[in-house]
Amino acid sequence: MQRAIGLRVPLCLLIVALAGSAPAYAEDPLLDDAVSFTGQIFHLDTAVPGLVIAAVRGGESAVFGFGETAKGSGRQPDGDTRIGIGSITKTFTGLTLAHLAAGGTVDLTDAAGPYVDGIDTLPERRHPIRLLDLATHSSGLGRELQPVDGAEKYSDASFAGNLGGDSLLFTPGTGILYSNIGFDLLAMALSGAANRPYRDLLQETVLDPLGLDATGYARPEGDNVMTGYDWNGEEMDPGEPIPNRSGASGLHTTANDMIRYLKWNLDRFGEGMEARTLSHAAYLVRDGLNPVYGMDESGHMDAMGLGWVVMMPEDDRPLILQKAGGTNGVFSYIAFAPSRGVGVFISINQFNFSASIAMATVTNELIATLAPR
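Reading the values: the criteria
- Residues numbered from 1 in each chain as written.
- Predicted model: local features only at pLDDT ≥ 70, side-chain atom pairs only at ≥ 80, totals over all residues.
- Heavy atoms only, no water.
- Helix = DSSP H or I, 4+ residues; strand = E, 2+ residues; numbered from the N terminus.
- Rg over C-alpha atoms; globule rule 2.2 N^0.38 Å.
- Buried < 20%, exposed > 50% of the residue type's maximum accessible area, 1.4 Å probe, protein only.
- Areas by Shrake-Rupley, 256 points an atom, 1.4 Å probe, with all protein chains shown as cover.
- Phe/Tyr/Trp six-rings, centres within 6.5 Å; stacked < 30°, edge-to-face > 60°.
- Lys NZ or Arg CZ within 6 Å of the ring centre and 35° of its normal.
- Salt bridge = Lys/Arg side-chain N within 4 Å of Asp/Glu carboxyl O.
- Arc of directions from axis to C-beta.
- Contact = heavy atoms within 4.5 Å.
- Pairing = 2+ DSSP bridges.
- Core = buried A, V, L, I, M, F, W, Y, C linked by side-chain atoms within 4.5 Å.
- Polar contact = N/O pair within 3.5 Å; in protein donor to acceptor, adjacent residues only side chain to side chain.
- pLDDT = per-residue confidence, 0-100.

1. Overview of the overall build of the chain
Across its full length, the chain carries 11 helices and 12 strands. In terms of overall size, the chain behaves like a compact globule, its C-alpha atoms giving a radius of gyration of 20 Å where 373 residues would be expected to give roughly 21 Å. If you line up the chain on its principal axes, its C-alpha atoms span 65 × 45 × 35 Å. By the burial criterion, 57% of the 373 residues in the chain qualify as buried. Total accessible area computed for the chain in this model is approximately 15000 Å², and 50% of it derives from carbon and sulfur atoms.

What follows is the structure, given as structure tokens:
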């Protein structure tokens, strides 16, 4: 892991900095040492204002925080710091779909259009867009909504204006293009299928059963919140939750909740096994797809699960499922090796794009260190 981030820190400075890091609570010395060392070196090397890193191995877990939740606050991030996780939200949307499919409410191959209220029809090319297409970025829809005259962005009218006519970029299921539109539509479709608001559906289906009490869409308040900064170091205002933007982004959580989420995803034979299996399965293999775009920033995508990017084993690194997210000056990344019982969550509070790419590389290498093939 040192090779990926460049070890340029004097040993005396490292010792002093480590002394100020938030305590871990694992009983696994290797887990403690590897996670704290990785987090500290990465924080010093990138100079982001704050960082929190959490990891799970064999049922043990550890959390370390470095720097500050907000510049000048003097408050170090910890396991209870509230964090906006951006597009990691998509994995929760995919899991909600998995639960509805496991319970017989929907089939993964159902056409999405009939479930979406407020939009007369979704565009088609050769066949309708399926729920599975939305959950694997293979719908043929673009990345973001374009402005529509007289319509507020993300309103029903804005979606309808963007989805009229032949607005698909390729035939659904034949390629992959990262699409926030697709996941917001997926949440709307799941809401229609279950006949209740999507946020209530997520709460009842995923958050409550997993005990993710600190995870939700409400804007966090208090002094233990990860404040995000733009590429110029200026603070960013997250604003209020946006209607119809629940599937692609919007969730806030904590490192402690992400540990619970990782443990659930790593519990291969525990409660929720069918939904978990559906969530993790590789539905769309990269080979033969055209186009494939916007999927490799955090590591080479080999296949797609329901919101999860699947990376096949390579050299010493095991099979990894991963997802990155960025929102309002905060970059986060979650990854786990489902067959090795190891997972990592990491978050930084500045839109430092080189750091965000390095963050995924460092995390993937940390997983390889903790769970070699």
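2. Structural notes on the packing of aromatic side chains
Geometrically, a pair of aromatic rings is defined through the distance of the ring centres and the angle of the planes. Within this structure, the stated rule accounts for eight aromatic pairs. Measuring from centroid to centroid gives 5.5 Å for Phe331 and Phe353, while their planes differ by 65°, and the two rings are edge-to-face. With Phe331 in strand 11 (residues 330-337) and Phe353 in helix 11 (residues 353-370), this residue pair connects regions lying 22 residues apart in the sequence. Overall, Phe353 belongs to the partly exposed group, its relative accessible area being 47%. A network of ring pairs unites the aromatic residues Phe92, Tyr261, Trp308 and Phe336 as a single cluster. Positioned above the aromatic ring of Tyr229, the side-chain terminus of Lys71 is 4.6 Å from the ring centre.

3. A closer look at the pattern of salt bridges
For the structure on display, the rule yields 12 salt bridges. In this structure, Arg130 engages Asp133 in a salt bridge whose closest nitrogen and oxygen atoms are separated by 2.8 Å. With its nearest N and O atoms 3.9 Å apart, the salt bridge here joins Arg317 to Glu314. In this structure Glu314 comes out as partly exposed when scored by relative accessible area, which is 46%. One connected set of salt bridges, linked through shared partners, spans Arg75, Asp78 and Asp223.

4. Side note on helix 10 (residues 273-280)
Within the span of helix 10, buried status applies to Ala275, Arg276, Ser279 and His280. An end-on view of helix 10 places all buried positions within 125° of arc, on one side of the element. Check the buried side of helix 10 and you find it contacts helix 4 (89-102), helix 9 (255-266), strand 9 (309-311), strand 10 (320-327) and strand 11.

5. A word on the pairing of strand 11
With eight of its eight residues buried, strand 11 lies for the most part within the structure. Covered by surrounding structure in strand 11 are Val330, Ser332, Ile334 and Phe336 together with Phe331, Tyr333, Ala335 and Ala337, the residues of both alternating faces. Pairing analysis gives seven bridges linking strand 10 to strand 11, with the strands arranged antiparallel. The residue of strand 11 that forms the bridge with Thr327 is Val330. The turn linking strand 10 back onto strand 11 is made up of two residues, and Asn328 within it adopts a positive phi angle of 50°.

6. What about the nonpolar core?
The biggest cluster of nonpolar side chains holds 68 residues, and the ones touching the most others in it are Phe92, Leu97, Phe159, Leu185, Tyr261 and Phe345. Contributions of two or more residues to this core are made by strand 1 (50-57), helix 4, helix 5 (131-135), helix 7 (180-194), helix 8 (198-210), helix 9 and strand 11. For this core, the element with the highest residue contribution is helix 7, accounting for 10 residues. The residues contacting Leu185, other than those within four sequence positions of it, are Val116, Ile119, Leu122, Leu134, Leu141, Phe159 and Leu163. In this structure, Ala62, Ile346, Ala355 and Ala360 belong to the second largest nonpolar core, which totals 30 residues.

7. A few points about the side chain of Arg317
Its place among the elements puts Arg317 in the loop between strand 9 and strand 10. For Arg317, a relative accessible area of 12% corresponds to the buried category. At 2.3 Å, the side chain of Arg317 and the backbone oxygen of Met312 are in polar contact. Look past the residues within four positions of Arg317 in its chain and what remains in contact with it is Met311, Met312, Asn364, Ala368 and Arg373.

8. Describing the confidence of the model for the chain
In low-pLDDT segments, the atomic positions of the prediction should not be examined closely. Here the chain averages 92 in pLDDT, and 93% of its residues register 70 or above. Across residues 1-25, where pLDDT falls below 50, the model places 49 contacts with residues more than four positions away in sequence or in other chains.

9. What about the environment of Gly325?
Turning to its location among the elements, Gly325 is positioned in strand 10. Take Gly325: its relative accessible area is 6%, and that puts it in the buried class. Each C-alpha atom, one on Gly325 and one on Pro147, is 23 Å from the other, the two residues being 178 residues apart in sequence.

10. Things to note about unusual backbone geometry
In this structure, Pro291 follows Asn290 across a cis peptide bond, with omega equal to 5°. Summarising the element assignment, Pro291 is placed in the loop between strand 6 (284-285) and strand 7 (292-293). If you check the backbone angles, His137 has positive phi at about 60° while not being a glycine. Of note, Asn328 is a non-glycine position whose phi angle comes to about 50°, a positive value. Inspection of the secondary structure puts Asn328 in the loop between strand 10 and strand 11.

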